Amino acid sequence: MGGSGSKAKGVWPFSGSGAGGEAAVDGNEQTLARLKGSRKATPFVFTRRSSLYYDEDGDLAHEFYEETVVTKNGRKKSKLKRIQKNLIPQGLVKLDHPCIHADFPVILCEV
């Protein structure tokens, strides 16, 4: 358990002090440059990738189906066929309320 994690000291992009500050004191110039460049990062997420798609008619939905009529043994049966071609993803969507990033390294509430 936890064997996939890195053993090296990491620089958290959201930290003002702590592990990032100590790593910069070690004299590693690359770490120092990475720390200075990431000071502008914010712990909030304002947009997300949408899971909705536009079809050829401009309709917006998660999935699209087309009704097809199949004749089998003289009987007509209707089936729904899923459409997967000619769909355009909606793209980035602005969130109503900002969320905290999943990699935010600070405990917000301790019970």
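In this report, we go over the structure that sits alongside the text. These numbers were taken from a predicted model, which means no experiment stands behind them.

Analysis parameters
- Residues numbered from 1 in each chain as written.
- Predicted model: local features only at pLDDT ≥ 70, side-chain atom pairs only at ≥ 80, totals over all residues.
- Heavy atoms only, no water.
- Patch = residues over 30% accessible without salt bridge, like charges linked within 9 Å, V, L, I, M, F, W, Y side chains within 5 Å.
- Areas by Shrake-Rupley, 256 points an atom, 1.4 Å probe, with all protein chains shown as cover.
- Salt bridge = Lys/Arg side-chain N within 4 Å of Asp/Glu carboxyl O.
- Lys, Arg positive; Asp, Glu negative; His and termini not counted.
- Charge placed at Lys NZ, Arg CZ, Asp CG, Glu CD.
- Helix = DSSP H or I, 4+ residues; strand = E, 2+ residues; numbered from the N terminus.
- Buried < 20%, exposed > 50% of the residue type's maximum accessible area, 1.4 Å probe, protein only.
- Pairing = 2+ DSSP bridges.
- Polar contact = N/O pair within 3.5 Å; in protein donor to acceptor, adjacent residues only side chain to side chain.
- Contact = heavy atoms within 4.5 Å.

Focus: a positive patch on the surface
Phase 1 of the analysis: A contiguous patch of positive charge on the surface is contributed by K72, R75, K77 and K79.
Phase 2 of the analysis: With 3 residues, strand β5 (residues 75-83) is the single largest residue contributor to the positive patch.
Phase 3 of the analysis: With respect to the helices, strands and loops of the structure, K72 is situated in strand β4 (residues 64-72).
Phase 4 of the analysis: On the basis of relative accessibility, which here comes to 60%, the residue K72 falls in the exposed class.

Digging into the sheet that holds strand β6 (residues 88-89)
In a beta sheet, neighbouring strands are held together by backbone hydrogen bonds and run either parallel or antiparallel to one another.
Phase 1 of the analysis: Here we have 3 strands laid out as an open sheet, ordered β3-β2-β6, and antiparallel in their pairing. The sheet is open, and its two edges are formed by β3 (60-61) and β6, each paired on a single side.
Phase 2 of the analysis: Relative to β3, strand β2 (residues 53-54) runs antiparallel, the two sharing 2 bridges. Bridge pairing in β3 places Y53 opposite A61.

As for a nonpolar patch on the surface
Phase 1 of the analysis: A surface patch of nonpolar side chains, about 290 Å² in accessible area, is lined by F44, F46 and I100.
Phase 2 of the analysis: Residue position: I100 is located in strand β7 (residues 92-100).

Overview of the side chain of S50
Phase 1 of the analysis: Assignment of secondary structure puts S50 in the loop between β1 (44-49) and β2.
Phase 2 of the analysis: Polar contacts involving the side chain of S50 include one to the main-chain amide nitrogen of L52, which spans 3.1 Å.
Phase 3 of the analysis: A distance of 2.6 Å separates a polar atom in the side chain of S50 from a polar atom in the side chain of Q90.
Phase 4 of the analysis: Excluding residues within four positions of it along the chain, S50 makes contact with Q90, G91 and V93.

Re the pattern of salt bridges
Phase 1 of the analysis: All told, the structure shown has 1 salt bridge when counted by the stated rule.
Phase 2 of the analysis: For R82, the salt bridge goes to E63, with nearest N and O atoms at 3.7 Å. Here E63 lies in the loop between β3 and β4 and R82 lies in strand β5, a separation of 19 residues in the sequence.
Phase 3 of the analysis: The exposure class assigned to E63 is partly exposed, which follows from its relative accessible area of 40%.

A word on the environment of I88
Phase 1 of the analysis: Counting through the fold element by element, I88 comes out in strand β6.
Phase 2 of the analysis: The exposure class assigned to I88 is exposed, which follows from its relative accessible area of 52%.
Phase 3 of the analysis: In this structure, the C-alpha to C-alpha distance between I88 and D55, residues 33 residues apart in sequence, is 6.5 Å.
Phase 4 of the analysis: Look past the residues within four positions of I88 in its chain and what remains in contact with it is L52, Y53 and Y54.

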